[in-house]
2 protein chains.
Amino acid sequence: MEDSKREPAGILYGVGTGPGDPELLTLKAVRILREADVIGIPSTKKEGCKAWQIAVQAVPEIEKKETLFVSFPMSRDPAVLERAHQEGAMQTAKLLDQGKSIAFLTLGDPSVYSTYCYLQKQIQNMGYGTVMVSGVPSFCAAAARLGISLGEQGEALHILPGSYPLEAGLGFSGTRVLMKSGKQIGAVKERLLAENCSSKMVENCGMPGERVIRRTEDIPEDAGYYSLIIVKDKEKWD
Amino acid sequence: MEDSKREPAGILYGVGTGPGDPELLTLKAVRILREADVIGIPSTKKEGCKAWQIAVQAVPEIEKKETLFVSFPMSRDPAVLERAHQEGAMQTAKLLDQGKSIAFLTLGDPSVYSTYCYLQKQIQNMGYGTVMVSGVPSFCAAAARLGISLGEQGEALHILPGSYPLEAGLGFSGTRVLMKSGKQIGAVKERLLAENCSSKMVENCGMPGERVIRRTEDIPEDAGYYSLIIVKDKEKWD
């Protein structure tokens, strides 16, 4: 088909849903979800997807929209990941070629450790237009839930993903945020206690099953995947 | 007056307005601004206050509400700061005692280097209830404007306030965000060039006068206060 006969391609939007509370969606996220032709879902089905569960509470009409499922496997095998990303990009490009705009859901904010960014990079490389729509990141919502500041003037704030070496991370001065600590929570707690680190934790912030823990000693060994720990020097909590 | 005759005290809300685009207010921020009796403004007047300018575009009816001005001087003198914070807390408490709820505006997110947290601490110590309402922090909006990720799996993300020692900050591995670099932009640019750092900058993100700079060499010497620089290793930008 010649270019001149083509529909103008659709735009891919990466839409942050915030970490849990549907009221933390931005006005812009709500508008883009309402306007989009297709809702992109980073999972194989709606039910298991936190970002979908949040978005559909804020904007129920997305239930009736066309959906695109792009599953990002939790594999460390580069070949498996590469294949999944390419497959996702092909499906996405097919819809964009039909002139459809896609609002691709992403938990929290799309710039903070999101798998959406892998999809965006491939779609950009294929020559399509993309737009990121910011959301509230999980660490801001957790700080709000605890009623604390993440950093006072002059101090650094270090955001550390679950896979970051814990020992190196705890060595930073200032505030340290340990994202998604759930998988190795026992080891993390042990280390925090051994280093005499003062910490607070929020699990499932703004979601069903939310738990707020105000002392390292009280961190539960059964904490789930969406557990976020904030570590500060003792005197900084007061 | 006896306690039993008192109105129940109002609640102090710290409401993040996001960094500039009024569409980045959350649904919750909009609701709290609509419901609040008083709008708290971190300045001596509305006109000079970015947070007010953003909020009033998203929720025009706040124009008609009672206002509370709490000015936080840009002083490093602890006595001056202490006096200003105490004076602000007294004014705030007076309104809360009248049973009024206050939505105190704060640029970006209230947990990220906000002066609101000083006010909140004092109000908490006086025994009043406080609630933080998250907003999109400036670095997330700047990343979205640039269409980039702030951190990929396994990497740390370091948020560094303008007053953080630059040399130490640039020494971190992973992504480094230099907040509010405007005041010493010349020295920052010089250092970034000397260290062969690869960076991008957004000035006044989502506000009038927004500028997007994609190379260290192009950072303008006249960049203003709301300039945010994102530094990554060269190969990480692709």
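Notes on the structure in this doc start here. For clarity, every value in this text was computed on a predicted model and none was experimentally measured. (Residues numbered from 1 in each chain as written. Chains lettered and ligands numbered in written order. Predicted model: local features only at pLDDT ≥ 70, side-chain atom pairs only at ≥ 80, totals over all residues. Heavy atoms only, no water.)

## Examining the relation of the copies chain A and chain B
Working step 1: Under the fitted operation, chain A is carried onto chain B by 0.0 Å of movement along the axis and a turn of 180 degrees, and the coordinates agree to an RMSD of 0.0 Å. Taken together, the rotation and translation describe the operation of a two-fold axis. Nearest to the rotation axis, the C-alpha of T26(A) is located 2.0 Å from it, this being the minimum over chain A.
Working step 2: Counting the interface residues of chain A, we find that 100% of their copies in chain B are interface residues as well, pointing to one common contact surface. (Least-squares fit on C-alpha atoms with pLDDT ≥ 70 in both. Contact = heavy atoms within 4.5 Å.)

## A short note on the pattern of salt bridges
For side chains bearing opposite charge, pairing can occur when the charged atoms are close.
Working step 1: All chains considered together, the criterion is met by 28 salt bridges over all chains.
Working step 2: With a shortest N-O distance of 2.6 Å, R31(B) and E23(A) are connected by a salt bridge. On the criterion of chain membership, the pair formed by R31(B) in helix 1 (residues 27-35) and E23(A) in the loop between strand 1 (12-16) and helix 1 (27-35) is interchain, its members lying in two chains.
Working step 3: Residue class for E23(A) comes out partly exposed when judged on its relative accessible area of 23%. (Salt bridge = Lys/Arg side-chain N within 4 Å of Asp/Glu carboxyl O. Helix = DSSP H or I, 4+ residues; strand = E, 2+ residues; numbered from the N terminus. Buried < 20%, exposed > 50% of the residue type's maximum accessible area, 1.4 Å probe, protein only.)

## Some words on the interface of chain A and chain B
Working step 1: Taken together, the contact between chain A and chain B spans 50 residues of the former and 50 residues of the latter.
Working step 2: Both sides together, the interface formed by chain A and chain B hides about 3,900 Å², and carbon and sulfur atoms give 56% of it.
Working step 3: The largest per-residue losses of area from chain A upon contact with chain B belong to E23(A), L27(A) and Y113(A), which jointly make up 16% of the total buried on that side.
Working step 4: Linking chain A to chain B there are two salt bridges.
Working step 5: Taken together, the links from chain A to chain B amount to 22 residue pairs in polar contact (both at pLDDT 80 or more).
Working step 6: When residues of the side of chain A that touches chain B are traced back to their parent elements, those giving at least two are helix 1, helix 4 (116-125), helix 5 (138-146) and strand 6 (157-160) of chain A.
Working step 7: For the side of chain A that touches chain B, the residue count by class is 27 nonpolar, 14 polar and nine charged. (Buried area = accessible area lost by both parts, 1.4 Å probe. Polar contact = N/O pair within 3.5 Å; in protein donor to acceptor, adjacent residues only side chain to side chain. Nonpolar A, V, L, I, M, F, W, Y, C, P; charged D, E, K, R; others polar.)

## Brief notes about unusual backbone geometry
Of all residues except glycine, most have a negative phi; of all peptide bonds, most are trans.
All names here are of chain A.
Working step 1: Residues other than glycine seldom take positive phi values, yet K180 does so here, at roughly 40 degrees.
Working step 2: Located in the positive-phi region is N204, a residue other than glycine, with phi close to 55 degrees.
Working step 3: Assignment of secondary structure puts N204 in the loop between strand 8 (198-203) and strand 9 (211-213).

## Here's the deal with the nonpolar core
Working step 1: In terms of nonpolar packing, the biggest core is built from 42 residues, with F139(A), I159(A), V177(A), F139(B), I159(B), V177(B) and I230(B) touching the most fellow members.
Working step 2: Listing elements by their share of this core, those giving two or more residues are helix 5, strand 6 and strand 10 (227-232) of chain A together with helix 5 (138-146), strand 6 (157-160) and strand 10 (227-232) of chain B.
Working step 3: Apart from residues no more than four positions distant in its own chain, I159(B) is found in contact with A156(A), L157(A), I159(A), Y113(B), F139(B), V177(B) and M179(B).
Working step 4: Within the second largest apolar cluster, 32 residues are counted, among which are C197(A), M201(A), I213(A) and F172(B). (Core = buried A, V, L, I, M, F, W, Y, C linked by side-chain atoms within 4.5 Å.)

## Examining the packing of helix 3 (residues 78-97) of chain B against helix 4 (residues 116-125) of chain B
All names here are of chain B.
Working step 1: Running from N to C, helix 3 and helix 4 point in directions that differ by 60 degrees, and their axes come no closer than 9 Å. Relative to helix 4, the element helix 3 lies oblique. Relative to helix 4, helix 3 is oriented so that their crossing is right-handed. Counted together, H85, Q86, G88, A89, T92, A93 and L96 of helix 3 and Y118, L119, Q122 and I123 of helix 4 form the full contact between these two elements.
Working step 2: In the contact of helix 3 with helix 4, the residues fall into six nonpolar, five polar and no charged. (Axes fitted to C-alpha atoms, helices over the stretch in contact; angles between N-to-C directions. Parallel < 35°, antiparallel > 145°, perpendicular 65-115°, else oblique. Left-handed = near helix turned anticlockwise from the far one by under 90°.)

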